[in-house]
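An overview of the molecular structure
Read off the chains here:
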Protein chains: 2
Amino acid sequence: MTTATAGPASTRRTGEELVLAVHAAALAEIAEHGLRGASMDGIARRTGTGKAALYRRWSNVRELGLDVFLTTMADSSPANYPDTGSLREDLLGSLRGFAGLLRGPLQTVLRELISESTHDPSLVAEFQARVGEPMQAQRIAMLQRAMGRGEIPTQPIDPLVFELPPAIVLHRLLLCGEVIDDETTVKLVDNVLLPLLGYRR
Amino acid sequence: MTTATAGPASTRRTGEELVLAVHAAALAEIAEHGLRGASMDGIARRTGTGKAALYRRWSNVRELGLDVFLTTMADSSPANYPDTGSLREDLLGSLRGFAGLLRGPLQTVLRELISESTHDPSLVAEFQARVGEPMQAQRIAMLQRAMGRGEIPTQPIDPLVFELPPAIVLHRLLLCGEVIDDETTVKLVDNVLLPLLGYRR
DNA sequence: GGATTTGTGAACGATCTCGTTCCTTGTTAG
DNA sequence: CTAACAAGGAACGAGATCGTTCACAAATCC
């Protein structure tokens, strides 16, 4: 498509555009074959590029895969949710956000990190540091605000309670094969979290 | 070691003995390379046997891997715990049993099933049917006995509550890289499950 | 516009894997 | 004890992958 002012369209991807395409292809290849079963040849084919362009950036398939994982995690930082003024709404919003993330490429990354963590626990540690812990901090902040509002008693909370939301989400995803639905999210908040927190209705 | 009455020791493994050795080697190879990255050559080498002996039983590495998974799951059926007369002790016993299972080969299987379930959810469904659901049934029976004893009120319980124990165990295993320790098990029972169940002390 | 950089496709040699076949020999069954 | 079966090791041809190199040409930079 040539326009009078825009000049000829380019026929090749270069620089960052190519890296993005390679990342997408690598993620698809890894989802299909696992990190350890994926190949540079496969990724190059899927991207529609030459191997030399891959090897100019990454020295092997593992390095490329890890780059994809880290980039995906960086792109999946949990959003900062507005203070709704209600603990229940805050918790629901946080869980819905997490569920939304898991409907995207982060799910593939998480699955592979889990498989890899037998031999390299640093990968899931990275996931925790970049995704898990920021979300935990958000939940703590929500609870502190709720205490300030008098919604829950001001007392220490067993850290296990903070662990319940990601644990259930993960269990649903990995063993039931589905991202947690909204009905379950509401039940988790109303029937598990709020009672444990001593929520005052 | 030849004894006067036992006859010469055999130098080859045959039949079931060889299958067990192949299974162990396959599990180790899969733990290291993933199901999709493992090879028949690698498993044969690790077993110390010829490929023909493998191919006489399994037509490819995937079939061997799935056989290993199913066998491991069948060997990992949850034990039947004695009725302790106390809900707390029952729950602790059940969770400790599950943790014990995850210290063995079942952990490798679970990790691989999770990685595989992107494309083949039937595998984790099998895990749920053979391991997850029998444990759930045990927990339900424990709660019914506790209701009969008056330890907890006789009322419907949100199924999410039954999901919390395996969810936490899984979360700890997969994202923290450790089988749940006994202190956490006790806290989970005392600070999460029993309060949610309305346990009367 | 020219020089440099980069992308694409192909080719290369080495290595690995697949699935099969064969030979030798240990093991089992009758 | 003998025949049949099965294990272990090696070899085979085909295919795939790895990492590298090259030629050509598109894209970028000055």
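Observations concerning the pattern of salt bridges
Applying the stated criterion to the full structure yields 34 salt bridges over all chains. With a shortest N-O distance of 3.0 Å, Asp90(A) and Arg145(A) are connected by a salt bridge. One end of the pair, Asp90(A), is in helix α5 (residues 87–101); the other, Arg145(A), is in helix α7 (residues 122–149), with 55 residues separating them in the sequence. Judged by relative accessible area, Arg145(A) falls into the partly exposed class, the value being 28%. The salt bridge involving Arg46(B) is made with Glu29(B); its shortest N-O contact spans 2.6 Å. Taken as a pair, Arg46(B) in helix α2 (residues 40–47) and Glu29(B) in helix α1 (residues 15–33) lie far apart in primary sequence, 17 residues in all. A residue is classified by how much of its surface remains accessible, and Glu29(B), at 8% relative accessible area, is buried. It is possible to trace a salt-bridge network through shared partners that takes in Arg36(A), Arg62(A), Glu116(A), Asp120(A) and Glu112(B).

A few points about the protein's contact with DNA strand D
Of all residues adjacent to DNA strand D, which total 22 residues, the nearest are Thr11(A), Arg12(B), Thr49(B), Arg56(B) and Arg57(B). Of all DNA strand D atoms lying within 4 Å of any protein atom, the proportion belonging to sugar or phosphate reaches 68%. At 3.4 Å from a phosphate oxygen of DNA strand D is found a side-chain nitrogen or oxygen belonging to Thr14(A). Here Lys51(A) contributes a side-chain N or O atom positioned 3.0 Å from a base oxygen of DNA strand D. Across the surface near DNA strand D, the residue classes tally to 5 nonpolar, 9 polar and 8 charged.

Topic: the protein's contact with DNA strand C
Near DNA strand C, the surroundings consist of 24 residues, among which Arg12(A), Thr49(A), Arg56(A), Arg57(A) and Thr11(B) are the closest. Of all DNA strand C atoms lying within 4 Å of any protein atom, the proportion belonging to sugar or phosphate reaches 67%. One nitrogen or oxygen atom from the main chain of Gly15(A) is found 3.1 Å from a phosphate oxygen belonging to DNA strand C. In this structure, a base oxygen belonging to DNA strand C sits 3.0 Å away from a side-chain N or O atom of Lys51(B). Elements supplying a minimum of two residues to the surface near DNA strand C: α1 (15–33) and α3 (51–55) of chain A together with α2 and α3 (51–55) of chain B.

Looking at the domain arrangement of chain A
Residue and element names in this part refer to chain A. By the assigned domains, chain A splits into domain 1 (15–64) and domain 2 (76–197). Each of domain 1 and domain 2 has a C-alpha centre, and these two points are 31 Å apart. Across the boundary between the two partners, domain 1 contributes 7 residues, which contact 9 residues of domain 2. Each partner contributes to the roughly 590 Å² buried at the junction of domain 1 and domain 2, and carbon and sulfur atoms together form 52% of this total. Summed over the three residues of domain 1 that lose the most area to domain 2, namely Leu27, Arg36 and Arg62, the buried surface amounts to 66% of that side. The interface formed by domain 1 and domain 2 includes 3 salt bridges. Residue Glu116 pairs with Arg62 through a salt bridge whose shortest N-O separation is 2.8 Å. At 3 residues, α1 tops the list of elements feeding residues into the side of domain 1 that touches domain 2.

A closer look at the side chain of Glu163(B)
Relative to the helices and strands, Glu163(B) resides in helix α8 (residues 159–176). Of the residues examined, Glu163(B) reaches a relative accessible area of 9% and is grouped as buried. Setting aside residues no more than four positions away along its own chain, Glu163(B) makes contact with Ile168(A), His171(A), Arg172(A) and Gln136(B).

Rules and cut-offs
- Residues numbered from 1 in each chain as written.
- Chains lettered and ligands numbered in written order.
- Predicted model: local features only at pLDDT ≥ 70, side-chain atom pairs only at ≥ 80, totals over all residues.
- Heavy atoms only, no water.
- Salt bridge = Lys/Arg side-chain N within 4 Å of Asp/Glu carboxyl O.
- Helix = DSSP H or I, 4+ residues; strand = E, 2+ residues; numbered from the N terminus.
- Buried < 20%, exposed > 50% of the residue type's maximum accessible area, 1.4 Å probe, protein only.
- Near = heavy atom within 4 Å.
- Polar contact = N/O pair within 3.5 Å; in protein donor to acceptor, adjacent residues only side chain to side chain.
- Nonpolar A, V, L, I, M, F, W, Y, C, P; charged D, E, K, R; others polar.
- Domains from an automatic or database assignment.
- Contact = heavy atoms within 4.5 Å.
- Buried area = accessible area lost by both parts, 1.4 Å probe.

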